[in-house]
Amino acid sequence: MGASQQEQGPLRVALLGCGVVGSEVARLLTQQSADLASRVGAPLELVGIAVRDASAPRPLAESVDRSLLTEDAEGLVTRADIVIEVMGGIEPARSLLLRAIEAGAAVVTANKALLAEDGPTLYKAADTAGVDIYFEAAVAGAIPIVRPVRESLAGDHVRRILGIVNGTTNYVLDQMASTGMSFDDAVKQAQDLGYAEADPTADVEGFDAAAKAAILASLAFHTRVSLEDVAREGITAITADDVAWAAQTGHVIKLLAIAEAVTGDDGAHGVSVRVHPALVPLTHPLAGVRGAFNAVFVEADAAGELMFYGRGAGGSPTASAVLGDVVSAARHRVLGGKGPEESIYAALPILPASTAVTRYQVRLAVDDRPGVLAQVAQVLASKGVSIEAVRQPSEPSDGTQGDGPTGVAHLVITTHAAAEAALAATVDAIAVLEPVREITSVLRVEGA
Ligand code: NDP
Ligand code: HSE
């Protein structure tokens, strides 16, 4: 039973990290202290901020009281009611959170890498200690998605989640598509704007999205899904040409995190979790997600289709989600009660990404002469892959016209849903046809 509001003294809040996110958390905790106290029923007192180097200049944290900075994170976590971890990385973040939980503190973290790698250890420790662990900011920044999937949809059956959950890659792909900017320049801009991870490899190679996919899949399917369970492909192989062709065929390229219920060859039900670039039709709501914005599209049996949209990265948006969790945890301290525990009763098998059946778009350069299309179509038919559409755009993406019977034609073949193995066999067989000069790209089409 919590103490009444009148009896309740300040709740001590410790902050681990004062970077892009931490400095905004500290600012909001300070500037909104009166509102937060009213919402919680007790003042929140920021008792310390752990950093690596307390003497370093902090241009992002000008409003932060420097006397709160400490290099003694270990000591800080044992003198707090609520510990907020926004330092990132696996260690020492994991040990500090476990230490905080052991000392009886509720914990709030934005650290998707840690949760995807070793969340169960933290969830178990929190359950054992009877304290809250919240992590709304770990997936899609400011967007409320963890709470809706974990709590609001707890009475439904989620069938599929399609998410744009990495702001950096969405920004990069959007800049490439809308301004023709190079991949490297767009990544640099995303870093300057505070969207990218310290090492942007985590963004562009899909690790960050994969960690978020693992967290969402675990919650949606009541099954433990870790980073190793997620099939991952980043956006580094996407070229300006791919982006231009996507537009020509009525699509946009997005890095998608996908978690869906699938049925294996033996009829067993399971979950497939994957991250890869995909063509999204311009008519799909995810196609309109621009810049560093994120969106998560959820398909559930009873609820139908839902879309959650907003800022998925950046200090202030992420701090908003962190503060929401802090208020929830703090209310439990004041009023009693506890947030949800890990739910893994379904324990579904994680099936390979190849179990998922999707549409594909295959782009190829062929000799521009009679009968070539028929040869290609024959291969698709022989492999049981059904063609939805074939386009032979009159103007290739390099702006040159096809030059007649001896020139090159570009074919864009969109298939109906096909198994990955059948598609791969088809592509291999097409590649060795005599008139085929090059298979230029093979991309999945999602969200149709
Ligand atoms: P930053 O790199 O900007 O900040 C990290 C902070 O943690 C710094 O203040 C750093 O101290 C401190 N820190 C790091 N290691 C240690 C350590 N060993 N001991 C003490 N302090 C340490 O990271 P972000 O703010 O961008 O990200 C923080 C977390 O939030 C990450 O888990 C990230 O994935 C997550 N996140 C980030 C988002 C974003 O848009 N940036 C969005 C959603 C989640 P010092 O300043 O002295 O170096
Ligand atoms: N680097 C991440 C992104 C930050 O670009 O989305 C949010 O997790």
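In the annotation of an unreviewed UniProt entry, the entry for the protein reads Homoserine dehydrogenase, and the organism field reads Oerskovia douganii. UniProt annotates the protein under Function (unreviewed entry) with the comment "Catalyzes the conversion of L-aspartate-beta-semialdehyde (L-Asa) to L-homoserine (L-Hse), the third step in the biosynthesis of threonine and methionine from aspartate." On record in UniProt, under Cofactor (unreviewed entry), the comment for the protein is "a metal cation".

### Focus: the UniProt feature "binding site: L-homoserine" (unreviewed entry) in the protein
The feature "binding site: L-homoserine" (unreviewed entry), as given by UniProt, occupies Glu197 in the numbering adopted here. Classification of glutamate 197 by relative accessible area gives partly exposed; the value is 29%.

### Some words on the packing of helix α13 (residues 372-382) against helix α14 (residues 420-431)
For the pair α13 and α14, interaxial distance at closest approach is 9 Å and the crossing angle is 150 degrees. Taken together, α13 and α14 sit at an angle that is classed as roughly antiparallel. By crossing handedness, the relation of α13 to α14 is classed as right-handed. Along its contact with α13, which presents Val376, Val379 and Leu380, the element α14 presents Thr426, Ala429 and Ile430.

### Structural notes on helix α8 (residues 183-192)
Among all positions in α8, only Phe183, Ala186, Val187 and Ala190 are buried. The buried residues of α8 occupy an angular sector of 100 degrees when the element is viewed end-on, so they sit on one face. Exposed and oriented more than 90 degrees from the buried face of α8 are Asp184 and Asp192. With its phi angle positive at about 85 degrees, glycine 194 sits one or two positions after the end of α8.

### Quick notes on the pattern of salt bridges
Under the definition given, this model contains 27 salt bridges. Taking the shortest distance from any N to any O, the salt bridge between arginine 147 and aspartate 325 comes out at 3.2 Å. Of the two residues, arginine 147 is situated in helix α6 (residues 146-152) and aspartate 325 in helix α12 (residues 315-335); the sequence distance between them amounts to 178 residues. By relative accessible area, aspartate 325 is classed as buried at 1%. Linking aspartate 192 and lysine 188 is a salt bridge whose minimum nitrogen-to-oxygen distance equals 2.8 Å. Pair noted here: aspartate 192 and lysine 188 are both in helix α8, with a separation of four residues, about one helical turn. Residue lysine 188 is classed as partly exposed on the basis of its relative accessible area of 45%. Among the ionic contacts, a cluster of salt bridges with common partners joins Arg160, Glu260, Arg274, Glu299 and Glu446.

The rules we used
Residues numbered from 1 in each chain as written. Chains lettered and ligands numbered in written order. Predicted model: local features only at pLDDT ≥ 70, side-chain atom pairs only at ≥ 80, totals over all residues. Heavy atoms only, no water. UniProt positions renumbered as here; feature names shortened; annotations may be inferred. Buried < 20%, exposed > 50% of the residue type's maximum accessible area, 1.4 Å probe, protein only. Axes fitted to C-alpha atoms, helices over the stretch in contact; angles between N-to-C directions. Helix = DSSP H or I, 4+ residues; strand = E, 2+ residues; numbered from the N terminus. Parallel < 35°, antiparallel > 145°, perpendicular 65-115°, else oblique. Left-handed = near helix turned anticlockwise from the far one by under 90°. Contact = heavy atoms within 4.5 Å. Arc of directions from axis to C-beta. Salt bridge = Lys/Arg side-chain N within 4 Å of Asp/Glu carboxyl O.

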